[in-house]
Amino acid sequence: MTEMNTTIGKPISRLEGFDKVTGAAKYAADHHVPDMLYGYVVNSIITKGRITKIHTDEVMALPGILEILTHENRMSTAWFDIQYADMDAPSGTVFKPLHDDRIKYNGQPIALVIAETFEQARLGAAKLRVEYKEEKQHATELKSNLERARPPKPGMAFLLKPPPPKPTGDFEKAYQEAAFRAEGEYHHSAEFHNPMELFASTVLYEGKGKLTIYSKTQGTINDQTFIANVFGLKYQNVRVIAPYVGGAFGSGLRPQHQLYLAAMAALQLKRHVRVVLDRSQMFTFGHRPQTLMQMRISADEDGKVTGLNHEGYGETSTYEDYSEILVKWAPMLYPAANTLLKYDLVPLDVATPLDMRAPGGSTAFHAIECTMDQLAYQLNIDPLELRIKNYSEVDPLENKPFTSKELKACYLQGAEKFGWLDRKPEPRSMRRGNKLVGYGMATGMWDAMQLPARVEARVTPDGKLHIKSAITDIGTGTFTIMTQIAAEQFGMAMEDVIFDYGNSALPFAPIQGGSFSTSTVGIAVVNASKALKKKLLKLAIKASDQFKSADVGTVSFIKGNIVYGDHSLSFVELVAANGAKPILTRNMGYPHALKLRKYAMAAHSAAFVEVEVDEELGFIKVTRALTAVAAGRIMNPKTARSQILGGMVWGISKALHEETLLDPAMGKYMNQNLAEYHLPVHADIHELEVLFVEEEDKIINELGTKGVGEIGLVAITPAIVNAIYHATGKRINDLPVHFDKLL
Amino acid sequence: MDNFDYRLAATTAEAQQLFSAGKGARYVAGGTNLIDLLKYNLADADMLVDINQTQPAVIKELADGGVRISALMTNAETAYHPLIEQRYPLLSKAILAGASAQIRNMATNGGNLLQRTRCYYFYDAASPCNKRNPGSGCPAITGQNRMMAILGTSEHCIAVFPSDMCVALAALEAVILISGPDGQRTVKFEDFHRLPGDHPEIDNILRPGELITAIDLPPAGFSKNYAYLKLRDRSSYAFALVSVATGFELENGIIKNARIALGGVAHKPWRVKEAEKQLIGKLVNKETLGTAADKILQGAMGFEHNTFKIELAKRAIIRNGLTALKPELQLPGAQPADISML
Ligand SMILES: Cc1cc2nc3c(=O)[nH]c(=O)nc-3n(C[C@H](O)[C@H](O)[C@H](O)COP(=O)(O)OP(=O)(O)OC[C@H]3O[C@@H](n4cnc5c(N)ncnc54)[C@H](O)[C@@H]3O)c2cc1C
Ligand code: SF4
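In every chain, residue numbers begin from 1 and rise along the written sequence. Labels are handed out in written order, letters beginning with A for the chains and numbers beginning with 1 for the ligands. Reporting in this predicted model follows two pLDDT cut-offs: at least 70 for local features of residues, and 80 or more for side-chain atom pairs to be given and counted; totals over whole chains, interfaces and linings ignore these cut-offs and use all residues. Only heavy atoms go into the side-chain values, all of them from the structure, while hydrogens and water stay out.

**What to know about the overall build of chain B**
So, point 1. Secondary structure elements are taken from DSSP: a helix is a run of H or I of four residues or more, a strand is a run of E of two residues or more, and numbering for both begins at the N terminus. When you go through chain B residue by residue, the secondary structure sums to twelve helices and twelve strands.
So, point 2. With the radius of gyration taken over C-alpha atoms, the globule rule is written as 2.2 Å times the number of residues to the power 0.38. Rg of the C-alpha trace for chain B: 20 Å, near the compact-globule value of 20 Å for 342 residues, within the 12% margin.
So, point 3. Put simply, 64% of the contacts in chain B that link residues at least 6 apart link residues at least 24 apart.
So, point 4. Accessible surface, chain B: about 13,500 Å² in total, of which carbon and sulfur atoms supply 51%.
So, point 5. Working convention for charge: Lys and Arg count positive, Asp and Glu count negative, and His plus the chain ends are omitted. Charge positions are represented by NZ for Lys, CZ for Arg, CG for Asp and CD for Glu. One way to put it: in chain B the 36 positive side-chain charges average out to a point 4 Å from where the 34 negative ones average out. Between two residues, a contact is recorded if the distance between any of their heavy atoms is within 4.5 Å. Each accessible area is a Shrake-Rupley result for a 1.4 Å probe, and residues are judged covered by the shown protein chains and nothing else.

**Comments concerning the side chain of Gln450(A)**
All names here are of chain A.
So, point 1. By the element assignment, Gln450 lies in the loop between strand 22 (435–447) and strand 23 (453–459).
So, point 2. Working definition: with a 1.4 Å probe on protein chains only, accessible area under 20% of the residue-type maximum means buried, over 50% means exposed, and in between means partly exposed. Taking the relative accessible area as the measure of exposure, Gln450 reaches 12% and is therefore buried.
So, point 3. Of the polar contacts made by the side chain of Gln450, one reaches the backbone oxygen of Tyr590; its length is 3.3 Å.
So, point 4. Each residue touching Gln450, except ones within four places of it in the same chain, is listed here: Phe516, Ser519, Thr520, Ile523, Gly589, Tyr590, Pro591, Ile700 and Asn701. In the analysis that follows, any N or O atom pair within 3.5 Å is treated as a polar contact, provided that within protein one partner can donate a hydrogen and the other can accept it, and provided that, for residues neighboring in sequence, both atoms belong to side chains.

**Quick look at the interface of chain B and chain A**
So, point 1. Chain B puts 40 residues into the contact, and the matching count from chain A is 37 residues.
So, point 2. Accessible area that two parts lose when put together, evaluated with a 1.4 Å probe and summed over both, is termed the buried area. Summing both partners gives a buried area of about 3,400 Å² for chain B against chain A, and 56% of it is carried by carbon and sulfur.
So, point 3. By convention in these notes, a salt bridge is any Lys or Arg side-chain nitrogen within 4 Å of a carboxyl oxygen on Asp or Glu. Counting every contact that joins chain B to chain A gives seven salt bridges.
So, point 4. On inspection of chain B and its partner chain A, the count reaches 16 residue pairs in polar contact (both at pLDDT 80 or more).
So, point 5. In terms of residue count, the dominant contributor to the side of chain B that touches chain A is helix 12 (residues 308–323) of chain B (five residues).
So, point 6. Tallied by class, residues from the side of chain B that touches chain A come to 20 nonpolar, eight polar and twelve charged. Ten residues, namely Ala, Val, Leu, Ile, Met, Phe, Trp, Tyr, Cys and Pro, are considered nonpolar, four, namely Asp, Glu, Lys and Arg, are considered charged, and the remaining ones, Gly among them, are considered polar.

**Quick word on the site of ligand 1**
So, point 1. Around ligand 1 sit 34 residues in total, of which Tyr27(B), Gly31(B), Thr32(B), Thr108(B) and Asp164(B) are the nearest.
So, point 2. Residues are labelled near a given molecule or strand when at least one of their non-hydrogen atoms is within 4 Å of it. Surrounding ligand 1 is a set of residues that belongs to chains A and B.
So, point 3. Gly31(B) is positioned with one of its backbone polar atoms (N or O) 2.6 Å from an oxygen atom of ligand 1.
So, point 4. Within the backbone of Ala99(B), a nitrogen or oxygen atom sits 2.9 Å from an oxygen atom of ligand 1.
So, point 5. Protein contacts shield 94% of the accessible area of ligand 1, which totals 970 Å² for the unbound molecule.
So, point 6. Across the shell around ligand 1, the residue classes break down as 18 nonpolar, twelve polar and four charged.
So, point 7. Domain segmentation is taken from an automatic or database assignment of domains. Residues lining the shell around ligand 1 come from more than one domain, with at least three contributed by each of domain 1 (1–54) and domain 2 (225–327) of chain B.

**A word on the domain arrangement of chain A**
Residues and elements named next belong to chain A.
So, point 1. We note that the domain assignment places domain 1 (31–136 + 194–285), domain 2 (145–191 + 288–449 + 597–742) and domain 3 (451–590) within chain A.
So, point 2. Computed from C-alpha atoms alone, the centre-to-centre distance between domain 2 and domain 3 is 40 Å.
So, point 3. In this assembly, 17 residues from domain 2 lie in contact with 20 residues from domain 3.
So, point 4. Summed over both partners, the interface of domain 2 with domain 3 comes to about 1,400 Å²; 55% of that surface belongs to carbon and sulfur atoms.
So, point 5. The largest contributions to the domain 2 side of the interface with domain 3 come from Met449, Glu702 and Leu703, which together make up 37% of the buried area.
So, point 6. Linking domain 2 to domain 3 there are one salt bridge.
So, point 7. Linking domain 2 with domain 3 are nine residue pairs in polar contact (both at pLDDT 80 or more).
So, point 8. Secondary-structure elements contributing two or more residues to the side of domain 2 that touches domain 3 are strand 22 and helix 15 (637–657).
So, point 9. A class-by-class count of the residues in the side of domain 2 that touches domain 3 yields five nonpolar, seven polar and five charged.

As C-alpha cells, this is what we get:
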C-alpha cells in the first residue's frame, strides 16, 4: 500500500487550465458549424402590460433576416406547466418566453430575430418596433412594497428549502427582560449574475427532432430534460454538452431563455442556431433577490445569547415563489432558548430571482454577525470571545450533533494567524497615518449536502480508466478532483484516468450547485470504482490461476495493475482476457440518508478583516483578510483555495462595490453593464489569506468532504462591515458601504 | 448598430472632404466611446472617417515655452511622454486616473474631450433623455442621480462630463486648436465645453465637420506643486464622483498662482477663477483652501442621491491642495494621499 501514489489532498493544477488560458477550450458560443444562423433576443422596454403590435414586416425586409419568432408565430410547446419545471424550479408557474402578449417584467424576452449573421440579427433586434399597452402601476422595489409580503407557497422546493423552524420559548419576553440587546435592519439590493462567460447556446439541428446543444449550464441533464419536455422530443434525441463553463455561480442552475429560444428557432427553421445574450441582457433574468432583514439578539449578564429573532423579506416574481434559506442559520449556530424566525416573500414585477453563490447564507450572516458584533460592544467583550461563549458543539435547533464541526479551530487558528489580539477594543482607537484602522471578524456557515448521482467506470483495451458523469465543471475544479479520486482508488497515475463529463448522454448527475458536487459525484466515483475493482478481480481469477485464492481484501491496485502477493496482471491483460471488450460498471452514489438524519451537516468558517478608512474622504480599503475554513477533507488545496479566494473577493464586492441601481418609476435597473455595475478591480484587492483547518469527518460520507464553493463568501461581508465599525464607530447596514455613507 | 462605410483619411483636408461629401459621416479616432455608442444604438453613422493618420501623433515644444499635443496621440502616449511627465505631471496623473490601461492605449486626446456623459439614462436607449432625444425629458432629476452634477445644472439635464484628462486641461488653461470647413480657430479650454441650459444635446462648441487637431499647453505647468485626486466607487476603471486637479506656484510657501478644477460635478470641468485669485498671497492650509472651496462650490445644489458630493468636493479640494505641497505623496490611481506627515 505504501507505494500507492496518493493524489487526494495534493495541490494539483486544474487539468483543463492550459486549454482555458490558451483559448483552446471551447465554450458554448465557440462551436462553429457551416450554415449556422444567429438569433438575437429582443427585450421588453416596459415593466408591465401587453404587447399590442410587433412590426415584424419592417425588419423581415432587412438583409439576411430569416425569421422573427414572437408569441404570434412561435411553434406550439408543451401544454402543462409541470412540463416546464426544471430541477431548480420554485413553486409557481415557470416563465415561458414568447408565450403570450403579457409583459411581466422589464427586459423580458419578447422576440428572437434570426439572421444569417450575428450582426444582421443584432441590427434587426434593434430596429424591431414594438407597441405596448403599458400598465403604469407596477412594483419593483422591495422596501416600498412590504405590504405585499406573505409566506412562500408550499411546493416541491420545500424539500431543499424548507420554511423556517417554529418559534421556541417566548422571544419577545426574553428580549424585553434581557440584560443586553442588539438589533439592526439590514438591506441588500439585487445582485446580478455576471460570470465572465455570457449565456449562450449553440443548437445543432440533426434532423427529425434531434438536437445537439452546446450550452452554458450547470446541469446538462437538467437542460436536456427541459428541452425534451417542452418541445415534445425524445430524451435520447436531445444531447446537451457543456464541458467548459466560464463561471456560473447559480446562474446556470435553471435553463435560461437563450436555450429555450435557440432550441425553438432550430426546430422551427430546421437549422443550426446560436443565441448569445449580451452583457446588458445578463440583467434580464434571475438574480440575487433584494432582501430586507430585521435581526434582534438578546443576551444575559454573562453574554450568553438568550433570544434570537431573525425576520426576512425576500423579493420574488409574480409568477414563481423563489425562496432562500435565510433565517434558520442563527439558531443553528448560537444556542438560544427563545427563537422567533420569520421569512416572507414580496412578489414584484421582476424576473424570478435565482440562486447566487451562498444564496440566503451570505445575506443572512450579514445580519447575524453584525448584530452579534453590536452585542459584543454592548457587553464590552471581544467579538471573538462572544462567539466562543456561545459556541455549540451540537446543532441547537434540532439538538443533533454535527458530523464534524471545527469552527472553534477556525476561530482560534484564524485569530492567531491574523493577529487578532493586537486589536484594541475601542472603536476609532487604531490609526495608521491619517487613516483609521479597524479589525472585524465574523462567522460563516454553509450546508454540506449530497445528492444521488450515477457514474460509469470503464477500463479500455489500452489499460486506461474512464470515468463518466454528466456533471459539469463550472470552474470549481470538478474535472480535476474526480480524476484525482479515481486515480487514488486505483493507485493510478492521473494521466491514465480520463474523466468524461459535461454531457447529458453520460450517467446521471444533478445540477451543479450548493457546494455538493464533490460529495455527490465523488461518492458515485468511489462506488463505481469499488464495483469495477470487484469485476477486475473476478476477471483476474478467471484469467490466471495465481489469483485463485485472491479476494477484495488481499489484492491491491497499483499503477494499472491488479496485484496479489507477487503476482500481477495489468489492465491491458485483463481487457485482453475479456475478449478485448472494455470492462465496465455503472453505479449510484447516495447519501446515507438514514444515518445522516441523526446529524447536522455544515461547513464553517471564520473571517478576519483589517480595513483602513480615510475618514475625511470616506475612502475604505480592505488591507488584509483571512478566512479560516473547516470543510471536511480538502481534496485539492489549490482548487479549494481558489474557491475560497473567489468567495472572499466576492465578499469584498458585496460589502463595498456591487450595487444595482433600480429606478422604481421605470421598474428597471439602470446600470446594466460592467462599467457601472462595479465589481472590484485588482487595485481593490490586497492581502488575502486562506487557512484550511483540519477537520476529519468520518460520518458525512466516505470521502469526508463537505464542499467549498460557497463557504468562502459567507463570513467576509459582515467581517468587513464590523471592521468598518471598529475603525469609524459607524455601523452601516445597507450594502454596499459606499464611502458617502461614512461622510 | 447599423452597417457603415469605413474610410481612412490621409490628411485633415481629406477627412473633412469625406465628412462633408457623405451624409451621416462621423470621425473616429480611438473608437472607445463612439463604437460603444453605436453598439448601444445611441448614435448612428453611415460612414466612419478614420482620422488616425491625418497627422503624426507627436508633442512639439512651442516657442513661448509651452507644448502642443496632437489630438491624435493616445492618452497613454501622452501621459508617459517625458515632456508631459516632467513639465505637466498634473496632466499625466489625471490621464492615468482615467479608464483602464487598455482603453488609454486606444483613446486619443481629441476623443477624450468629446466623450459623452455616462448618465445611466443617456446610456439606455429605451429611457427618455433630453441629451439623446431633446424634449423627451430628464428622468435623472428624480431617478438614479448619485453620479450626476451639483453645479451648473439645468431643469433639462443634470449630467456630468466624465473626463479626468479635461479636469487637468482646465486647470492648465489649455487651448484647443480646431480645423474646420471655414478654416482654423483656437478656443480657450474654459469655453470649449458648455453647460446644459436649454440645449443639453450640445456638449461643446465644436461645429459639424470641425476637427480638433491639437491641444496647446501654456508654459505654466505647476510641476512643483500639483496634485490630482479622484474619488470613486472602486480603485480603478470607474468614473469620478468627485475629482480635483490642483496646481500652485509658491514662493516661500506663499501662493503666487493657483488653479483648482473639479471633475464629476458638472457638465464641464468646474473652475471658479475668483476663488483662485483670492488664494494669491496666502498660505496653503485648511482654512485658505476651505474658503476657496466654499467659493468654488457656491450655488451647488444636490439631488436625492448626490448631495454628499457638495461636502465631499469641499474636503477633496482641501486634501488635494495640501497634497500639492508634497506631490510625491500621491498614490497610484489618484487615491487619497496620506498627508499626515506634512
Ligand atoms: C468603460 C470605460 C471607462 C472609462 N473611464 C474613463 C475615466 O475614468 N476617465 C476618463 O477621462 N475617460 C474614461 N473613459 C473614456 C475614454 O477616455 C474615452 O472613451 C476616450 O478618451 C475617447 O477617445 P477616442 O479616441 O477613443 O474617441 P472616439 O470614440 O474615437 O471618438 C469620440 C468622439 O469624438 C469624435 N472625435 C474623436 N477625435 C476627434 C477629433 N480629433 N476631432 C473631432 N472629433 C473627434 C468622434 O467623432 C466621436 O464622436 C472611459 C471609457 C470607457 C469605455
Ligand atoms: S441628466 Fe442629461 S443625460 Fe441624463 S437623462 Fe437627464 S438629460 Fe439625459
